[in-house]
Amino acid sequence: MRSSLRTTDAGVSQRPADTGAVDSGNRIPVVVQAPDPISRAGVRSQLAQHPVIDLLDSAEAGPGTVAVLVNEGPDETTLSQLRRLVRSDGARAVLVVNAIREAELLDVIECGVGAIVWRHEASAHRLVQAVLAAARGDGDLPADLLGRLITQVGSLQRTASGQTGVPLSGLVPREIDVLRLVAEGLDTGEIASKLSYSERTVKNVMHGLTTRLHLRNRAHAVAYALREGYI
């Protein structure tokens, strides 16, 4: 599993798009939920073009499923759906929206969303990229949204602690080193090389901190580290 927080912006990404990284023998079950049939049919049509994606007719998602939620924005109904899908059903989530307000940004990440796509960028390629990232447990956020996230959690951290850069609790130095490189978009192999660790060690570090701190995914882990002043 790659440990990267990818950012995208109108077809530009930090790392080359990798829409074939999942073995086609292990197809990803995907459900699409939208408030209207046209949006649902459009997203399903885009995703159906990729052989690794197995579109399910049922609206019910379970462990190992990627749920793609389409809406104007993350209203309270959408946030409730996300919490149920991720926390109760064990699914991964991709959110496709027109916009996200500042007050909603951390709520979305803390619901367990690791991949977000702007509706005006929701081409077949972009949607597949987000689904594959979600299936791997990677983060995939638009570049402008990642910048807003960093600004917002930095502001919250300063308000909470009264000073910038003072860690509160929860992470050890090795975890901070790994998360800093995850936030920079490095994959597992690159992080291992930078820190002189094995790839297994990097994966174990990520698994250990997300499990211990009850974090939903890598994007949530990076948001946590930023908010607490670690990176």
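Above: the structure in question.
Residues numbered from 1 in each chain as written. Predicted model: local features only at pLDDT ≥ 70, side-chain atom pairs only at ≥ 80, totals over all residues. Heavy atoms only, no water.

Caption draft 1: Main features of the side chain of Asp89. Along the polypeptide, Asp89 turns up in the loop between helix 2 (76-88) and strand 6 (92-97). Each residue touching Asp89, except ones within four places of it in the same chain, is listed here: Ala61, Gly62, Pro63 and Arg84. (Helix = DSSP H or I, 4+ residues; strand = E, 2+ residues; numbered from the N terminus. Contact = heavy atoms within 4.5 Å.)

Caption draft 2: Just the pattern of salt bridges, in detail. For the structure on display, the rule yields eight salt bridges. The shortest N-O distance in the salt bridge between Arg126 and Asp140 comes to 3.2 Å. Within this pair, whereas Arg126 is found in helix 4 (residues 124-136), its partner Asp140 is found in strand 8 (residues 139-142), the two being separated by 14 residues in sequence. Across the pair, exposure class does not vary: Arg126 and Asp140 are buried alike. (Salt bridge = Lys/Arg side-chain N within 4 Å of Asp/Glu carboxyl O. Buried < 20%, exposed > 50% of the residue type's maximum accessible area, 1.4 Å probe, protein only.)

Caption draft 3: Broad picture of unusual backbone geometry. Located in the positive-phi region is Ser196, a residue other than glycine, with phi close to 60°. Among the secondary structure elements, Ser196 is positioned in the loop between helix 7 (188-195) and helix 8 (199-212). A positive phi angle, near 60°, is found at His214, a position not held by glycine. Mapped onto the secondary structure, His214 falls in the loop between helix 8 and helix 9 (218-227).

Caption draft 4: View of the nonpolar core. Leu82, Leu95, Ile100, Val113 and Ile116 are the most contacted members of the largest nonpolar core, which totals 25 residues. Ile28, Val70, Val94 and Leu132 belong to the second-largest nonpolar core, a separate cluster that totals 21 residues. (Core = buried A, V, L, I, M, F, W, Y, C linked by side-chain atoms within 4.5 Å.)

Caption draft 5: Looking closely at helix 2. Under the 1.5 Å per step criterion, the end-to-end length of helix 2 is 17 Å for 13 residues, consistent within 8% with the ideal 18 Å. Listed in full, the buried residues belonging to helix 2 are Thr78, Leu79, Leu82, Leu85 and Val86. All buried residues of helix 2 lie within an arc of 130° about the axis, which places them on one face of the element. Away from its buried face by more than 90 degrees, helix 2 exposes Glu76, Thr77 and Ser88. Tucked inside the fold, the buried residues of helix 2 contact strand 3 (28-33), strand 5 (66-71), strand 6 and helix 3 (102-110). At the exit of helix 2 stands Gly90, carrying a positive phi of roughly 75°. (Expected span 1.5 Å × (residues − 1). Arc of directions from axis to C-beta.)

Caption draft 6: Structural view of helix 1 (residues 37-47). Taken residue by residue, helix 1 has Ser39, Val43, Arg44 and Leu47 as its buried positions. Buried residues of helix 1 fall within an arc of 130° about the axis and therefore sit on the same side. Residues of helix 1 that are exposed and point over 90 degrees away from its buried face: Pro37 and Ile38. In this structure, the buried side of helix 1 is in contact with strand 3, strand 4 (53-55), strand 5 and helix 4. At the N-terminal boundary of helix 1, the capping side chain belongs to Asp36, with an oxygen 3.2 Å from the backbone nitrogen of Ile38. (Polar contact = N/O pair within 3.5 Å; in protein donor to acceptor, adjacent residues only side chain to side chain.)

By themselves these figures say nothing about function.
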